[in-house]
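Reading the structure
Okay, here's what each chain looks like letter by letter:
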Amino acid sequence: MEYRRLGKTGLQTGIIGLGCEHLDGGKPYGQIKETIDAAIEGGVNTIDVFMPGRDIREAIAKALGERRKNVIIQGHIGSTDINQQYDVSRDPSIAHKYFEDMLRIFGGHIELGMMFFIDTDDDYRNVFDTGFAEYVQRLKQQGDIGHIGFGSHNPVTAIKVIETGLPEMLMFSINPAFDMLPAGEYIFDHFDNDFGKDLFKGIDPERAALYALCEQRGIGINAMKPLGAGKLISADHTPFAKPLTIGQCLHYTLSRPGVACALTGCKTADEMKGVLNYLQLTEEEKDFSEILGTMRNDFKGSCVYCNHCQPCPSEIDIAAVNKYLDIAKLNLNEIPPSVKSHYKGLMHKADECTQCGHCENRCPFGVPVIQIMEEADRVFK
């Protein structure tokens, strides 16, 4: 494993980390432990735990055991599961209830205390105008967290948060599809010197500005979604002329300024080992340069199953419906029975969508959820 300094935090993180979201959802403890064992044995020392459920947190802590002391836990403040669905709260008393439980489970200290999901102006105001930010600062003063970070998918809002001077690091969604402008568009005129022109060629200017600011201010980045929920490595879903490899995706993400770690959402030990194989690749095997100029459509509007659309008033598991629909669309002549069974097993299905739009307002990737619910209902009927 290669290790990098996570900006001004001074922490040394492995360049590959583990995002535990896909270990949630009732996975057997044996599977959780095998995945975490594979990560630790491969040198992974940064684990993201944004999920608010007590069961998954306790399973992760149990799997780590005595190795907990060697791991950087990235724990999210304000992540809740009120009404049994992922949600966010800026109420310090509610945030405290959930984070206190996380502190107990993981030994009384969280290395990276993350202000959860700051994507919009409303999110910003609800963090900095409600007492929430002051609560986070108290957590650091008390020694409950080592460093203050935050998560975002929006470069404009992320820059605004960094300008407050409060955060020391950032979790941000980074991959080639999210970054790239259509082929032929460049942003060289956004820089007053030659710094970073090769790195920033073709990248959305707002995202490029964020990466440059992080590099300048010493804001380390732990990157999420490096594989675009697997869509970048899929021939049927990639927005490029051909799918990238896992190694190419990781290499792209890790080449962005300020990035210390690429957090990958593995749900099995084999997936974790497949990601860790990146460390054995040659420079030629990791090279992504030829593929980036072949982007054929906009990745915006593509669901990456992140659950930020929650909570749904109808209690629909929107990410699961999207995932089963994506699989079904690859096999429309004969949808696999297992996919039909998984969809049928959902407590609340697409036909219960009331088209309230709550999910679309929360989605950081512009997914047309209402339209997708209608399509899922047609396909699975």
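Reference entry: report on the structure contained in this document. What you are looking at is a predicted structure, and each value in this text was computed from that prediction instead of being measured.

**Concerning the overall build of the protein**
The secondary structure content of the protein amounts to 17 helices and 12 strands. Expected size for 381 residues packed as a compact globule is a radius of gyration near 21 Å; at 20 Å, the protein falls within 12% of this value. Dimensions of the protein, computed from C-alpha atoms along their principal axes, come out at roughly 55 × 50 × 40 Å. The buried share among the 381 residues of the protein stands at 56%. When contacts within the protein are restricted to residue pairs at least 6 apart in sequence, long-range pairs at least 24 apart make up 75% of them. Looking at the protein as shown, the accessible area adds up to about 16600 Å², and 47% of this sits on carbon and sulfur atoms. The protein carries 39 positive and 53 negative side-chain charges, and their two centres are separated by 3 Å.

**Quick look at helix α14 (residues 318-329)**
Each α-helix winds once per 3.6 residues, and so residues spaced three or four apart point in a common direction. For α14, with 12 residues, the first-to-last C-alpha span of 16 Å sits near the 16 Å given by 1.5 Å per residue. Burial of α14 is extensive: nine of the 12 residues sit out of reach of the surface. Those residues of α14 not exposed but buried are Ile318, Ala319, Ala320, Val321, Asn322, Tyr324, Leu325, Asp326 and Ala328.

**Looking at a negative patch on the surface**
The grouping of Glu284, Glu285, Asp287 and Glu290 at the surface amounts to a negative patch. Take glutamate 284: it is sitting in helix α12 (residues 283-286). Its relative accessible area of 65% is what places glutamate 284 among the exposed residues.

**Looking at the packing of helix α2 (residues 54-64) against helix α3 (residues 92-105)**
Relative orientation and spacing of two packed helices are given, respectively, by the angle between their axes and the distance between those axes. For the pair α2 and α3, interaxial distance at closest approach is 10 Å and the crossing angle is 20°. Classified by the interaxial angle, the pair formed by α2 and α3 is roughly parallel. Crossing angle aside, the handedness with which α2 passes α3 is right-handed. Side by side, α2 and α3 meet where Arg54, Arg57, Glu58 and Ala61 of the first sit next to Tyr98, Asp101, Met102, Arg104 and Ile105 of the second.

Cut-off values and rules
Residues numbered from 1 in each chain as written. Predicted model: local features only at pLDDT ≥ 70, side-chain atom pairs only at ≥ 80, totals over all residues. Heavy atoms only, no water. Helix = DSSP H or I, 4+ residues; strand = E, 2+ residues; numbered from the N terminus. Rg over C-alpha atoms; globule rule 2.2 N^0.38 Å. Buried < 20%, exposed > 50% of the residue type's maximum accessible area, 1.4 Å probe, protein only. Contact = heavy atoms within 4.5 Å. Areas by Shrake-Rupley, 256 points an atom, 1.4 Å probe, with all protein chains shown as cover. Lys, Arg positive; Asp, Glu negative; His and termini not counted. Charge placed at Lys NZ, Arg CZ, Asp CG, Glu CD. Expected span 1.5 Å × (residues − 1). Patch = residues over 30% accessible without salt bridge, like charges linked within 9 Å, V, L, I, M, F, W, Y side chains within 5 Å. Salt bridge = Lys/Arg side-chain N within 4 Å of Asp/Glu carboxyl O. Axes fitted to C-alpha atoms, helices over the stretch in contact; angles between N-to-C directions. Parallel < 35°, antiparallel > 145°, perpendicular 65-115°, else oblique. Left-handed = near helix turned anticlockwise from the far one by under 90°.

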